[in-house]
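Chain residues, written in single-letter form:
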Amino acid sequence: MKKKIIIGTAQLIQNYGISNFKNKNKKREALKILNFCYDNNLKKFDTSPHYKNQKLIGSFIKANGINDLCISSKIPSLKKETNKFLYLKKNIDKIFEELKVDYIDKLYFHDYNDINFINRNFDKIYKVLSQYKINSIGVSIYTSKHFDQIKDNPIVNTVQVPLNILNRQFQKKKNKKIKRISRSVFLQGLLINKKIYTKNKYLISFNKIYFAFLKEFNINPYNLCLDYIFSCKNFDGHIIGFDNIEQIQKILDYLPGNSHLKLIDVLEKKIKFKYKSIITDPRKW
């Protein structure tokens, strides 16, 4: 189980999601989290320039002489750039420089809107990327349609996709060439935190229904979410985000099981279909 856990760092030093607006980690606390993960043999990390933590992770790596982390990062959107290839190279240089590494395990294009550009220019993109030590090239996507658009691209062999108890569209999506890495396991904290910071009426309504459901069946939200993702055996990894060390410990204490899986369908029936698409897609929050 542990070998498939990838530490999501979006909320490491910035507010992220709808449940941690008051829990922004300061640098010292963020370094404690990184140390705790490393000491517990959690050595896979997912980051991005947008997360504003690459320099911090780089300083952690350099200060501790670490050379066995497995790091993924992302290229910001190319959509508005005139010289997309120059922008691509500059951002890759910046990623390596900030992280203090000479190797990246996975490099994703962060914006699914870049798929058409990637498909049209994969040979030129490959020439840029081949100058660096990068194990896998991927795209962060949201829908099965995006997957179908990118699956035949010769340089893309990984996709980062949403996967959780409410969004199961990629559960059975298979392709021998494309590895799948899940994200949104806790749906930015919505599925594990009763207290949320939002005025979105659909999220507020769901929150009440969901936690009443958990109470009715005496279910731990962590167990429910983790039982599901770890039952998806054909995924190569799961990005799991944390607000603090206590949450990481809960993951480490988790014992795999599948006793809750049948209850996911029960939960689905309790949610009004007309607003499920809003709940499962943070872009609409």
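This text goes with the structure placed above it.
Here the structure is a predicted model, which is why all the values come from computation and not from measurement.

Here is what the cut-offs are and how they apply
Residues numbered from 1 in each chain as written. Predicted model: local features only at pLDDT ≥ 70, side-chain atom pairs only at ≥ 80, totals over all residues. Heavy atoms only, no water. 1 Å grid on protein atoms, 1.4 Å probe; cavity = no way out; pocket = protein on both sides within 12 Å on 5 of 7 lines; lining within 4 Å. Points joined across faces, edges and corners; volume = space filled by probe spheres on them. Nonpolar A, V, L, I, M, F, W, Y, C, P; charged D, E, K, R; others polar. Buried < 20%, exposed > 50% of the residue type's maximum accessible area, 1.4 Å probe, protein only. Helix = DSSP H or I, 4+ residues; strand = E, 2+ residues; numbered from the N terminus. Contact = heavy atoms within 4.5 Å. Polar contact = N/O pair within 3.5 Å; in protein donor to acceptor, adjacent residues only side chain to side chain. Salt bridge = Lys/Arg side-chain N within 4 Å of Asp/Glu carboxyl O. Axes fitted to C-alpha atoms, helices over the stretch in contact; angles between N-to-C directions. Parallel < 35°, antiparallel > 145°, perpendicular 65-115°, else oblique. Patch = residues over 30% accessible without salt bridge, like charges linked within 9 Å, V, L, I, M, F, W, Y side chains within 5 Å. Areas by Shrake-Rupley, 256 points an atom, 1.4 Å probe, with all protein chains shown as cover. Lys, Arg positive; Asp, Glu negative; His and termini not counted. Charge placed at Lys NZ, Arg CZ, Asp CG, Glu CD. Pairing = 2+ DSSP bridges. Right-handed = clockwise from strand over helix to strand, strands pointing away.

Q: Could you clarify how one ought to interpret empty space enclosed by the protein in this entry?
A: It is the rolling of a water-molecule-sized probe over the atoms that shows where space remains empty. Enumeration according to the criterion identifies 1 cavity of 30 Å³ or more in this entry. By volume, the largest cavity amounts to about 40 Å³. Forming the walls of the largest cavity are I7, G8, T9, Q11, L12, I33, F242 and I248. Here the residues of the lining of the largest cavity sort into 5 nonpolar, 3 polar and no charged.

Q: Got a minute to help me understand helix 8 (residues 221–231) in this structure?
A: Quick reminder: α-helices carry 3.6 residues per turn. Residues three or four places apart thus point the same way. Taken across its 11 residues, helix 8 has 9 buried, putting it largely inside the fold. Every buried residue of helix 8 is listed here: P221, Y222, L224, C225, L226, D227, Y228, I229 and F230. In the core, the buried residues of helix 8 are packed alongside strand 1 (5–8), helix 7 (201–217), strand 8 (237–241), helix 9 (245–253) and helix 10 (263–270). You can read the cap of helix 8 off the contacts: a side-chain oxygen lies 2.7 Å from the backbone nitrogen of Y222, and it is on N220.

Q: Would you take a moment to explain the pattern of salt bridges for this structure?
A: Evaluation of the coordinates by the stated rule reveals 11 salt bridges. Here K173 and D148 are joined by a salt bridge, their closest N and O atoms 3.3 Å apart. Placement of the pair is K173 in the loop between strand 6 (158–162) and strand 7 (179–183) and D148 in helix 6 (residues 144–150), with a sequence separation of 25 residues. Its relative accessible area of 37% is what places D148 among the partly exposed residues. Where K276 meets E268, a salt bridge forms, and the shortest distance between an N and an O atom there is 2.9 Å. Among the ionic contacts, a cluster of salt bridges with common partners joins R168, D265, E268 and K276.

Q: Before we go on, may I ask you to explain the packing of helix 2 (residues 54–63) against helix 3 (residues 84–99) in this structure?
A: When two helices pack together, you describe them by how their axes are tilted relative to each other and by the distance separating the axes. Direction vectors running N to C along helix 2 and helix 3 enclose 45°, while the axes themselves pass 6 Å from each other. With respect to their mutual orientation, helix 2 and helix 3 come out oblique. Note on element contacts: helix 3 touches helix 2 through I95, E98 and L99, opposite Q54, K55, I57, G58 and I61. Counted by class, the contact of helix 2 with helix 3 contains 4 nonpolar, 2 polar and 2 charged residues.

Q: Can you help me understand the layout of surface pockets in this one?
A: In this structure, the second largest pocket occupies an estimated 200 Å³ of space. Around the second largest pocket, the lining residues are Y142, T143, P162, L166, N167, Q169, K276, S277, T280, D281, R283 and K284. Class assignment of the residues belonging to the lining of the second largest pocket gives a composition of 3 nonpolar, 5 polar and 4 charged.

Q: Would you mind going over the environment of S277 with me for this structure?
A: Here S277 shows up in helix 11 (residues 273–279). Residues S277 and K173, 104 residues apart in the sequence, show an inter-C-alpha distance of 19 Å.

Q: Quick question: what am I supposed to make of a positive patch on the surface here?
A: On the surface, K55, K62, K94 and K100 cluster together into a positively charged patch. One can find K62 in helix 2.

Q: What's the story with the pairing of strand 4 (residues 104–109) in this structure? I'm lost.
A: Along any regular strand, the residues point their side chains to alternate faces of the sheet. Across the 6 residues that make up strand 4, a large majority, 6, are buried. Bridge count between strand 3 (residues 70–75) and strand 4: 4 bridges; the pairing is parallel. Bridging from a neighbouring strand, S73 pairs with L107 of strand 4. Handedness of the crossover joining strand 3 and strand 4 through helix 3: right-handed. The pairing of strand 4 with strand 5 (residues 134–140) spans 5 bridges and is classified as parallel. Of the residues in strand 5, the one forming a bridge with I104 is I134.

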